[in-house]
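This is what each chain is made of:
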Amino acid sequence: MFKVKVTGLAGLKAEFATLSSDLPKIVSSELQSMSQEWVLLAKKDAPADQATLKGGITFSQRDKLVYDIFSNAFYSPFMEFGTKGKYQPIPGTEKIAAEFKGYKGGDFMDLLRNIVRWVHRKGITGRYSVKTKKRLGGKVTQYAEDYSAAWPIAMSILKNGVNPHPFFFKQMHIVWPQMVRNVERRIAERSKVKVIMPNNIQPKIVTI
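This report concerns the structure included in the present document. This is a predicted model, so every value here is computed, not measured. (Residues numbered from 1 in each chain as written. Predicted model: local features only at pLDDT ≥ 70, side-chain atom pairs only at ≥ 80, totals over all residues. Heavy atoms only, no water.)

**Considerations on the pattern of salt bridges**
And step 1. Applying the stated criterion across every chain yields a total of six salt bridges.
And step 2. Two residues, Arg135 and Glu145, come together in a salt bridge whose shortest N-O distance is 2.9 Å. One end of the pair, Arg135, is in the loop between α6 (108-122) and α7 (139-160); the other, Glu145, is in helix α7, and 10 residues separate them in sequence. Like Glu145, Arg135 is buried.
And step 3. Among the salt bridges present, the one from Arg135 reaches Asp146, with a minimum N-O distance of 3.0 Å. Residue Arg135 is located in the loop between α6 and α7, and its partner Asp146 is located in helix α7; the two are separated by 11 residues in the primary sequence.
And step 4. Bridged by salt links that share partners, the residues Arg127, Arg135, Glu145 and Asp146 form one connected network. (Salt bridge = Lys/Arg side-chain N within 4 Å of Asp/Glu carboxyl O. Helix = DSSP H or I, 4+ residues; strand = E, 2+ residues; numbered from the N terminus. Buried < 20%, exposed > 50% of the residue type's maximum accessible area, 1.4 Å probe, protein only.)

Structure representation (structure tokens):
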């Protein structure tokens, strides 16, 4: 599971004292917009057909100037960075990626169930009627067929690993600079003075 704490804007109120009442509203509004865009882009770039992964990408407002962005699926880091010999963190995420390298947590049965669902959705196995194009057999039979196809796939993942599919942290480099520019622009519009945000303002990346 990933969690990004979008904050670090403390001190701006003192720097722009003339905007003491408007600044929190401006920053909070832009943080919310940025969090929404981060989630949308992450869902778009998440591995295809990973409904559980996509559904677990969300955000919440913890405080007036603090937003949390999550990827809740336990296998989020494995999709993001890859596993075993295919492990490859994207630049800037090496430290957090290292926390998950060789991680043994999670549940194999969760992995297997997700693969069974994927096999079923893709229609990879099973027998179909030539006439109706519909799959033959009852639910128990179909599940057994899907399970038989999913098992070797799950075992292959455990043995050989999975390729990295960056979908989450890459969004920071897209949405964060735009958010900073929006804050600068809105402050300038209100104060009639051009401002430059401090360079040390960055999202805080944490894991839980």
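**Quick notes on unusual backbone geometry**
And step 1. The phi angle at Lys133 is positive, at roughly 70°, despite the residue not being glycine.
And step 2. When you line up the elements, Lys133 lands in the loop between α6 and α7.
And step 3. Residue classification places Lys133 among the exposed residues on the basis of a relative accessible area of 63%.

**Some points on the pairing of strand β3 (residues 66-71)**
And step 1. Burial analysis of β3 places six of its six residues in the buried class, the great majority of the element.
And step 2. Burial along β3 is two-sided: the face carrying Val66, Asp68 and Phe70 and the face carrying Tyr67, Ile69 and Ser71 are both buried.
And step 3. Pairing of strand β2 (residues 57-63) with β3, which is carried by six bridges, proceeds in the antiparallel orientation. By the bridge assignment for β3, Thr58 is matched with Phe70.
And step 4. Between β2 and β3, which pair antiparallel and follow one another directly, the connecting turn spans two residues. (Pairing = 2+ DSSP bridges.)

Function-wise, these values are silent; they only describe arrangement.
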